[in-house]
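Structure assessment
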Amino acid sequence: MIAFVSGPVAALAPTTAVIEVGGIGMAVQCSPHTLADLRIGQEARLATSLVVREDSLTLYGFADDDQRQVFELLQTASGVGPRLAQAMLAVHSPDALRLAVSAGDEKALTAVPGIGKKGAQKLLLELKDRLGEPVGAHIGRQGIGAAVSSSWRDQLHTALIGLGYASREADEAVSAVAPQAEAALAEGGRPPVPQLLRAALQTLNRAR
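Residues numbered from 1 in each chain as written. Predicted model: local features only at pLDDT ≥ 70, side-chain atom pairs only at ≥ 80, totals over all residues. Heavy atoms only, no water.

Within the protein chain, the regular secondary structure consists of nine helices and five strands. Counting across all 208 residues of the protein chain, residues that qualify as buried make up 42%. The long-range fraction of contacts in the protein chain, counting pairs at least 24 apart against all pairs at least 6 apart in sequence, stands at 57%. Accessible area of the protein chain: about 10700 Å², with a carbon and sulfur share of 51%. (Helix = DSSP H or I, 4+ residues; strand = E, 2+ residues; numbered from the N terminus. Buried < 20%, exposed > 50% of the residue type's maximum accessible area, 1.4 Å probe, protein only. Contact = heavy atoms within 4.5 Å. Areas by Shrake-Rupley, 256 points an atom, 1.4 Å probe, with all protein chains shown as cover.)

Printed below as a string of structure tokens:
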């Protein structure tokens, strides 16, 4: 197993970072939150989990070991593959997921794209004794269902800057996808940052 990769960031894409390790570029699948902290040319260290399939080897990367551990534990639940597990960590921090599961918070899980009410109920049952207690030093009441970052706008803007776009371009792209985010909020959900990032990139590509 590849426990982590460390080296300069060679390239960034909407869902992938390329880390140069010993002269080899390692493509690592990452959430927008993880990508937002990376900069091309700067050193990075990502905890990783290698997912082996009959026709592929995919390396998933995380900001720390706790995220990787939760990513792997989530996949022990039936119906949860690496993509859904990564989506859950894109919406919630590890401790927010632990709190949601321990509190039986269906709404927090249905905020994740791809998880409906029945799926959330099933996950709550299966994960109840697997994720453990929150490990953070202090988690307030807002920890349940709390997003990894304070605002979808901040997350999206930071991710676009990390991908090399100018601040003005990032501002315009965020404004362009704001109606989608507001629609999700109006329905009582949480703006899906990964989908918003893809939509923002499409807007930027059309503008160029």
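After that view, the rundown keeps rolling.
A few words now on helix α8 (residues 167-186). The end-to-end C-alpha separation of α8 is 28 Å, in line with the 28 Å expected for 20 residues at 1.5 Å each. Within α8, the axis deviates most sharply at valine 177, by approximately 45°, and proline proline 179 lies no more than four positions further along. Residues of α8 that are buried include every one of Glu169, Ala170, Ala173, Val174, Val177, Ala178, Ala181 and Ala184, and no others. (Expected span 1.5 Å × (residues − 1). Bend = angle between axes of the 7 residues up to and from the residue.)

Glancing now at the nonpolar core. Core analysis: the largest hydrophobic core is formed by 23 residues, its most contacted members being Leu74, Met88, Leu97, Leu109 and Leu123. Contributions of two or more residues to this core are made by β5 (56-62), α2 (65-74), α3 (82-91), α4 (94-103) and α6 (117-127). (Core = buried A, V, L, I, M, F, W, Y, C linked by side-chain atoms within 4.5 Å.)

Moving on: the pairing of β5. Alignment of strand β4 (residues 43-53) against β5, held across seven bridges, turns out to be antiparallel. Note that in β5 the partner of valine 51 across the bridge is threonine 58. The hairpin formed by β4 and β5 contains two residues between the paired strands. (Pairing = 2+ DSSP bridges.)

Axis separation between α2 and α3 bottoms out at 9 Å; the angle between their running directions is 135°. Classified by the interaxial angle, the pair formed by α2 and α3 is oblique. Of the two elements, α2 crosses α3, and the hand of that crossing is right-handed. Residues Gln67, Val70, Phe71 and Leu74 of α2 form the contact with α3, whose participating residues are Pro82, Ala85, Gln86, Met88 and Leu89. Residue composition of the contact of α2 with α3, by class: seven nonpolar, two polar and no charged. (Axes fitted to C-alpha atoms, helices over the stretch in contact; angles between N-to-C directions. Parallel < 35°, antiparallel > 145°, perpendicular 65-115°, else oblique. Left-handed = near helix turned anticlockwise from the far one by under 90°. Nonpolar A, V, L, I, M, F, W, Y, C, P; charged D, E, K, R; others polar.)

On the surface, Leu50, Val52 and Leu57 cluster together into a nonpolar patch covering about 280 Å² of accessible area. Examined against the element boundaries, valine 52 turns out to sit in strand β4. We classify valine 52 as exposed; its relative accessible area is 52%. (Patch = residues over 30% accessible without salt bridge, like charges linked within 9 Å, V, L, I, M, F, W, Y side chains within 5 Å. Salt bridge = Lys/Arg side-chain N within 4 Å of Asp/Glu carboxyl O.)

Position of threonine 16 relative to the elements: it lies in strand β2 (residues 16-21). A relative accessible area of 14% means that threonine 16 is categorised as buried. Sequence separation between threonine 16 and leucine 59 is 43 residues; the distance between their C-alpha atoms is 9.8 Å. Each residue touching threonine 16, except ones within four places of it in the same chain, is listed here: Ala11, Ala27, Val28, Gln29 and Leu35. In terms of polar contacts, threonine 16 uses its side chain to reach the side chain of glutamine 29, at 3.2 Å. (Polar contact = N/O pair within 3.5 Å; in protein donor to acceptor, adjacent residues only side chain to side chain.)

To continue, consider the UniProt feature "domain: Helix-hairpin-helix DNA-binding motif class" (unreviewed entry) in the protein chain. The UniProt record annotates "domain: Helix-hairpin-helix DNA-binding motif class" (unreviewed entry) at residues 72-91 and 107-126. In the segment residues 72-91, helix accounts for 65% and strand for 0%; the C-alpha atoms at its two ends are 16 Å apart. Between the C-alpha atoms that bound residues 107-126 there is a distance of 16 Å. The span itself is 70% helix and 0% strand. (UniProt positions renumbered as here; feature names shortened; annotations may be inferred.)

It is worth spelling out the environment of arginine 130 at this point. With respect to the helices and strands, the residue arginine 130 is situated in the loop between α6 and α7 (152-162). Sequence-wise, arginine 130 and alanine 77 are 53 residues apart; in three dimensions their C-alpha atoms are separated by 9.3 Å. Excluding anything up to four places from it in sequence, arginine 130 contacts Leu73, Thr76 and Ala77. Among the polar contacts listed, one links the side chain of arginine 130 to the backbone oxygen of glutamate 126, at a separation of 2.8 Å.

This model, assessed by the stated rule, comprises four salt bridges. The residue arginine 98 makes a salt bridge to aspartate 66 at a minimum N-O spacing of 2.5 Å. Pair noted here: arginine 98 is in helix α4 and aspartate 66 is in helix α2, with a separation of 32 residues, a long-range link. Of the residues examined, aspartate 66 reaches a relative accessible area of 21% and is grouped as partly exposed. Arginine 98 is paired through a salt bridge with aspartate 95; the nearest N and O atoms lie 2.8 Å apart. Placement of both arginine 98 and aspartate 95 in helix α4 is noted, with a separation of three residues, approximately one turn of the helix. Grouping residues by exposure puts arginine 98 and aspartate 95 together as buried. When salt bridges with common partners are traced through the structure, they connect Asp66, Asp95 and Arg98 into a single cluster.

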